[in-house]
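Listed below, chain by chain, are the residues.
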Amino acid sequence: GIQVEQSPPDLILQEGANSTLRCNFSDSVNNLQWFHQNPWGQLINLFYIPSGTKQNGRLSATTVATERYSLLYISSSQTTDSGVYFCAVFWGETSGSRLTFGEGTQLTVNP
Amino acid sequence: NAGVTQTPKFRILKIGQSMTLQCTQDMNHNYMYWYRQDPGMGLKLIYYSVGAGITDKGEVPNGYNVSRSTTEDFPLRLELAAPSQTSVYFCASSQRGRSTEAFFGQGTRLTVV
C-alpha cells in the first residue's frame, strides 16, 4: 500500500511564529486532504488539495503531485492552532480507493 | 446540516461484551469508512463501503463487522470486545472515493475493561 510520511513529528512554537509542515507520499494519489485534530479530538477539514495552492486566512497549502509531496503553511500562529495536523491521501482504483493517513504532526503553540 | 453523526460518543465495555457503533450521514454520499485511532497515532482504516450492499476490509478489520443496507447508515459491530479494541472510532463519508472531500464524525471513545 501507499506510505504517507509527515514531518516534523513534533513542533513547538511561540505565538506569532510561522511554520511549515510537510507530507510525502510514496505513490500517485487521486486526492489529498489536510486535517486539524483539536485538543478535544475533533477532526477539522482544512484543505482538499490534490494539486496546486490554496489559502484560507493564515493557513495555506501546496501540493506538488508530480513530486509526491504537500506542504501546509501556518503563519502568525496562535494558541488555538495547537493540536495534531494530519495529511491523508486517496489512492488506488476507484472500486478500492481508500483514504490513508500519515502519523501526524503534533503542534504546540505557547503564549 | 448534520453531516456525519456517530453514536454513542463514549462507551465502556467489559471484555467479551458486544456492541454496535452507529454512523449516519445526510449528504447522500456513496463512500463510507470506519477508522480507529489509538493514543498518539494516526487513523487506521477498519472497513469501508462504496455503496449500499458493498463493503470491504481495510488495514485492521479483525474483531469487527460492518453492514451497509442503506446509503445513509454504516454501523460497526464489535463482537467479543477485547482490551486491544480500546480506541477512538471515527466514521467518515465522501461522495465518491477518489475525487471528493471526506468528512468525519465526532468520534466514539470506547474503553474495554
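Quick note: structure is the one above.
The sections below set out a description of the structure shown in this document.

Basis of the calculations
- Residues numbered from 1 in each chain as written.
- Chains lettered and ligands numbered in written order.
- Predicted model: local features only at pLDDT ≥ 70, side-chain atom pairs only at ≥ 80, totals over all residues.
- Heavy atoms only, no water.
- Helix = DSSP H or I, 4+ residues; strand = E, 2+ residues; numbered from the N terminus.
- Buried < 20%, exposed > 50% of the residue type's maximum accessible area, 1.4 Å probe, protein only.
- Contact = heavy atoms within 4.5 Å.
- Pairing = 2+ DSSP bridges.
- Axes fitted to C-alpha atoms, helices over the stretch in contact; angles between N-to-C directions.

Another aspect to go through is the environment of Glu5 of chain A. Residues and elements named next belong to chain A. The topology assignment puts Glu5 in strand S1 (residues 4-7). Accessibility expressed as a relative area gives 54% for Glu5, which makes it exposed. Each C-alpha atom of the pair Glu5 and Phe101 lies 8.7 Å from the other, and the pair is 96 residues apart in sequence. Aside from chain neighbours lying at most four places away, what touches Glu5 is Arg22, Cys23 and Asn24.

All names here are of chain B. With respect to topology, four strands assemble into an open sheet ordered S1-S3-S8-S7, the strand pairing being antiparallel. Here the strands that pair on one side only, and so sit at the sheet edges, are strand S1 (4-7) and strand S7 (64-66). On average, adjacent strands in this sheet sit at an angle of 20° to one another, irrespective of strand direction. As defined by bridge partners, strand S3 (residues 19-25) adjoins strand S8 (residues 76-78) across three bridges and the pair is classed as antiparallel. Paired with Thr20 across the two strands is Arg77, which belongs to S8.

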